[in-house]
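Close look at the chain arrangement
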Amino acid sequence: MTATPGATPTIVLVGHGMVGQRFLEALAERGLTATHRVVVLCEEPRPAYDRVQLTSYFSGRTPEDLSLTDREFIRDHGIELRLGDPAETIDREARTVTARSGLVVDYDVLVLATGSYPFVPPVPNKDATGCFVYRTIEDLLAIEEYARTRATTGAVVGGGLLGLEAAGALKGLGLDAHIVEFAPRLMPVQVDDGGGAALLRTIRDMGLTVHTGVGTQEIVTDDSGAVTGMKLSDGSELATDMVVFSAGVRPRDQLARDAGLTVGERGGIAVDEQCRTVRDPHVFAIGECALAADGRVYGLVAPGYEQAETAAATIAADEAAFTGADLSTKLKLLGVDVASFGDAHGTTENCLDVVYSDSRAGLYKKLVIGADGTLLGGILVGDAEAYGTLRALTGSVPPVSPESLVLPATAGSGAQLGPSALPDEAIICSCHNVSKGTIRGAVTEHRCTTVPEVKKCTRAGTGCGSCVKVLGQLVDAELEASGVEVDKGLCGCFSQTREELYETVLALRVTSYRELLDRHGREGARGGDGCEVCKPAVGSIIASLAPTIGASGYVLEGEQAALQDTNDHFLANLQRNGSYSVVPRIPGGEIAPEKLIVIGEIARDFGLYTKITGGQRIDMFGARVEQLPLIWARLVDAGFESGHAYGKSLRTVKSCVGSTWCRYGVQDSVRMAIDLELRYRGLRSPHKLKSAVSGCARECAEAQSKDFGVIATSNGWNLYVGGNGGATPRHADLLAQDLSDAELIRLIDRFLMFYIRTADRLERTSTWLERIPGGLEHVRDVVVHDSLGICDELEKLMRAHVAHYRDEWAETVNDPEKLARFVSFVNAPDTPDPVVSFVPERDQIKPDLPLLNIGLRPADDVLEGSAQR
Amino acid sequence: MTLAVETTDLKVQLQLADGWFTVCDLSLLVPGRGVAALLPDGRQVALFRDRADRLYAVDNRDPFTGAAVLSRGLTGTHQGRPFVASPLLKQRFDLVTGECLDDASVRVAAYEVRAL
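Residues numbered from 1 in each chain as written. Chains lettered and ligands numbered in written order. Predicted model: local features only at pLDDT ≥ 70, side-chain atom pairs only at ≥ 80, totals over all residues.

**Overview of the sheet that holds strand β6 (residues 104-106) of chain A**
Residue and element names in this part refer to chain A. One open sheet holds the 3 strands; their spatial order is β4-β5-β6, and the pairing between them is antiparallel. Edge positions in the sheet fall to β4 (87-91) and β6, since each of these pairs with one other strand and no more. This sheet shows a mean twist of 20 degrees between the axes of neighbouring strands, independent of strand direction. One ladder, built from 3 bridges, connects strand β5 (residues 96-99) with β6; its direction is antiparallel. Paired with V97 across the two strands is V105, which belongs to β6. (Pairing = 2+ DSSP bridges. Helix = DSSP H or I, 4+ residues; strand = E, 2+ residues; numbered from the N terminus. Axes fitted to C-alpha atoms, helices over the stretch in contact; angles between N-to-C directions.)

**Looking at the environment of A481(A)**
Residues and elements named next belong to chain A. Inspection of the secondary structure puts A481 in helix α14 (residues 468-481). On the basis of neighbour counts, which here come to 12 C-beta atoms within 10 Å, the residue A481 falls in the exposed class. Taking the C-alpha atoms as reference points, A481 and T444, 37 residues apart in sequence, are found 9.7 Å from one another. (Buried ≥ 20, exposed ≤ 12 C-beta atoms within 10 Å, placed from the backbone.)

**What to know about the interface of chain A and chain B**
With 33 residues of chain A at the interface, the matching set in chain B holds 38 residues. Within the residue set of the side of chain A that touches chain B, elements represented by two or more residues are α18 (560-563), α29 (849-853) and α30 (860-867) of chain A. (Contact = placed C-beta atoms within 7 Å.)

**Points about the confidence of the model for chain B**
Residue and element names in this part refer to chain B. Across chain B, the average pLDDT comes to 89, with 93% of residues at or above 70. In the predicted structure, residues 1-5 sits below a pLDDT of 50 and forms 15 contacts with residues beyond four places in sequence or in another chain. Of the two predicted TM-score estimates for the complex, the pTM is 0.55 and the ipTM is 0.91. (pLDDT = per-residue confidence, 0-100.)

**Comments concerning the pairing of strand β5 (residues 55-59) of chain B**
Residues and elements named next belong to chain B. By the criterion of burial, β5 is predominantly enclosed, with 5 of the 5 residues buried. Bridge analysis of strand β4 (residues 44-49) against β5 gives 5 bridges, and the strand direction is antiparallel. Bridge pairing in β5 links V45 to D59. Counted between consecutive antiparallel strands, the loop separating β4 from β5 contains 5 residues, among which D53 sits at a positive phi close to 70 degrees.

**A look at the nonpolar core**
With 139 residues, the main nonpolar core has F23(A), V111(A), L112(A), I286(A) and I428(A) as its most contacted residues. For this core, the leading source of residues is helix α9 (residues 301-315) of chain A, giving 8 residues. Non-local contacts of V111(A), meaning those with residues more than four positions away in its chain, are made with I11(A), L13(A), V14(A), F23(A), F284(A), I286(A) and A311(A). Judged by nonpolar contacts, the second largest core, of 67 residues, contains V12(B), F48(B), L55(B) and F83(B). (Core = buried A, V, L, I, M, F, W, Y, C linked by C-beta atoms within 7 Å.)

**Let's talk about the pairing of strand β16 (residues 242-245) of chain A**
Residue and element names in this part refer to chain A. Neither face of β16 is open: one carries M242 and V244, the other V243 and F245, and all of them are buried. Looking at chain direction, strand β10 (residues 153-157) and β16 are connected through 4 bridges and run parallel. Across the sheet, the residue bridging to G154 is M242, located in β16.

**Overview of the sheet that holds β5(B)**
Residues and elements named next belong to chain B. Taken in spatial order, the 4 strands of this open sheet run β3-β4-β5-β9, and their pairing is antiparallel. One side of each edge strand has no neighbouring strand; the edge strands of this open sheet are β3 (34-38) and β9 (110-111). Sheet analysis places β5 next to β9, joined by 2 bridges and oriented antiparallel. In the sheet register, V58 faces β9, and the bridge partner there is A110.

Encoded structure:
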């Protein structure tokens with residue numbers, strides 16, 4: 001079968017990866033899709049996806065989330081995308097490509113973007129059951145399946161970028177993970193020995209086992225041919241249930257070899273500066289399969305994109321050339337920042353190093369400086385905050401001394417060199433090659449006023465995303481410079497920040513939202529009904545300060561009721577079908593058998609789904625609105641109270657069993673966790689607050705991932721602040737060491753009240769710490785050294801909170817007027833909501849989701865369109 | 001939408017195809033919050049009262065999730081238009097027209113409502 005050759009010339013693209021997709025976009029931008037037939041032969045069963053973010057599949061991104069291809073783009077440009085139908089042969093004389101399906105396509109221009117394949121060292125049994133590579137979504141699916149069903153231990157061969165990601169993924173799947181790296185350090189390409197050492201310590205602290213300086217000699221299997229271990233070059237044997245090879249990639253050039261095109265000695269389709277193959281002007285090669293004119297194969301996406309642009313420009317008969325690219329990279333590997341840029345290894349003659357190293361904090365920063373003071377390159381491990389600025393300064397003499405660029409800001413003398421110091425030609429987004437001047441132009445000439453607009457206009461920040469922070473700073477600076485006032489107001493109703501509103505409420509003793517809106521709101525918002533942003537935020541401020549300003553601390557009292565988000569209003573957590581979940585407080589995670597039984601009985605009697613939470617308590621799902629007071633009444637009778645799982649307030653204080661039971665424990669962590677949870681329960685704050693107390697340095701309670709975490713020492717307690725888990729994990733910073741019980745509590749009182757006072761709405765302590773000027777050092781000055789003289793007031797506010805705490809559930813079940821609100825229908829109090837219905841699953845209930853689809857739901861295409869916001 | 005006088009014995013009524021349907025006492029509506037009502041045909045309506053005592057009624061079912069929860073959303077004013085934000089995924093709906101402020105292609109039914 002032969003595809004009909006039309007009058008229009010045909011471009012055939014072989015391979016639909018990231019670079020292939022970018023090439024298609026470049027064709028469309030140049031109008032070539034209108035004048036050409038474009039056929040894409042893609043081997044994988046799915047269109048182009050973000051391979052750089054592949055590992056994020058394990059943190060919950062679905063293959064759909066990773067997709068880079070929108071169907072409309074393909075359709076609107078008339079591109080014939082053939083999935084699962086790779087090119088098998090090229091006949092350069094006849095100018096045809098034959099696909100696996102038998103389809104033969106004539107081409108005028110052929111573009112090879114076949115990418116690379118994972119290198120698997122030629123060791124015995126490398127293909128055994130339980131051996132994997134780490135390259136495609138399908139690989140990940142296979143690894144996940146095997147890890148879940150057949151493995152408890154996993155080893156990754158290769159300690160480079162992908163190897164570390166793969167090891168992190170195995171660990172995330174619950175495996176005991178090992179990394180085997182032949183070189184003497186991790187990430188040998190990007191970092192030097194010092195950086196590798198810093199990285200090694202941090203990775204080991206995460207619980208991964210690292211073997212450097214050893215090679216893999218043989219994969220050991222059992223009788224069935226499944227992996228049981230591997231033999232290493234130092235004579236040792238490592239027991240493992242699965243092996244993931246991640247020892248580098250090689251260009252996929254077999255198709256080109258078979259077609260008689262020139263390939264390099266170590267692989268790669270040889271191309272000229274226009275990305276045209278050196279032997280055939282009708283054939284181009286771009287991305288990881290190409291051997292560029294400078295003799296290198298580029299394995300990064302940014303140079304691949306540049307090659308895609310070059311090839312498209314050349315096809316459009318525009319002038320373009322790819323002469324080589326910057327290999328700078330910034331990554332977050334297993335939560336550790338790693339960046340290298342320019343001449344990272346100091347190969348330039350007479351260059352000198354400036355090194356800052358803090359093994360305790362896992363920091364390593366090196367700058368390579370030329371004899372004349374020019375910044376040539378560098379390596380950053382543990383903190384790559386300055387990467388955007390430093391990379392852009394590379395090649396020039398920095399305006400401040402080099403050592404001040406690597407010293408941490410908290411050391412006092414670190415220079416805060418912002419992006420405003422950069423020249424206009426500095427490249428901010430290296431994925432899309434966008435300069436600072438272009439970004440400024442987007443603001444000044446194209447009138448963009450927000451980061452998303454600038455991203456859309458310039459494409460900056462839409463690649464790996466590592467420049468988005470610098471982008472935001474540039475946009476703000478440019479807007480301010482051009483006289484546009486950057487509106488830092490809370491919402492359309494208030495021009496003040498949350499912090500300013502807090503100060504207003506406290507200073508003027510404002511106890512009513514309406515009064516605040518009518519007196520202090522924006523002109524047009526006064527007298528109105530506010531909005532869903534400021535109402536809960538102001539409600540939270542008033543609740544935090546209630547005892548001090550003379551407001552009711554009960555969130556359902558009077559006007560307060562109308563301000564609360566639905567969760568706070570119903571004192572429970574709304575779930576997807578309109579039912580609620582109920583979480584009683586279990587302080588410190590300690591619970592007596594009798595109380596466990598009560599929870600079990602209540603869940604059984606009301607037919608609730610139960611699940612243990614990450615915060616050491618029990619969540620009961622599936623309660624209807626009208627059941628909530630009945631459930632609370634039984635819980636309150638049994639001595640339980642609200643766990644505030646619904647509020648922007650203290651959630652839980654986790655604990656390990658501590659010195660009472662554990663042979664390693666050095667303090668009674670359970671008692672401290674209970675004390676803290678009972679002290680801060682019900683405290684309304686800008687966002688939720690989580691805490692934990694560990695009884696020794698082994699840190700079983702994971703206190704360093706909490707807003708405030710406490711770790712026992714033989715001399716007392718260490719207090720950590722600003723930690724976070726979730727989507728943007730952050731290790732907490734040590735605020736103070738070896739505190740007595742009283743010192744610890746006093747310091748937490750001050751810290752929490754200072755946070756509540758100065759944080760933005762929905763700003764966790766982790767982002768707050770990074771945002772406020774001066775960062776951790778400033779917070780330490782304020783709450784430890786009382787530099788602002790406000791500590792007495794902060795402590796007083798907290799004492800007032802503690803003294804006035806009341807259980808919201810008990811208060812509600814004892815108030816018949818409030819109880820009247822807990823009905824599904826105001827005109828049919830005894831009728832349950834028919835949409836809230838359940839079906840069985842694994843001996844419990846789950847929401848009857850198909851039921852939600854019946855009724856007035858809009859058509860599917862409407863849903864898809866709106867889901868992207 | 002009708003202006004209502006603050007009196008305790010007023011009833012909230014909805015305009016249905018076959019005339020006015022009495023839902024409940026006006027005093028059961030707290031300004032700034034909603035309640036849900038069940039119609040004779042099984043449909044659900046979310047009723048709201050704003051701080052100026054104006055009344056609004058829209059379909060209770062959130063078209064983005066299918067759950068009957070709009071009555072539990074937060075209300076507000078956006079460029080002079082009263083709205084309720086869905087408590088699930090936060091899309092806002094104009095309380096007078098039922099139009100979704102975040103996606104003009106989606107709307108919920110709006111009802112005439114009065115206090116009498």
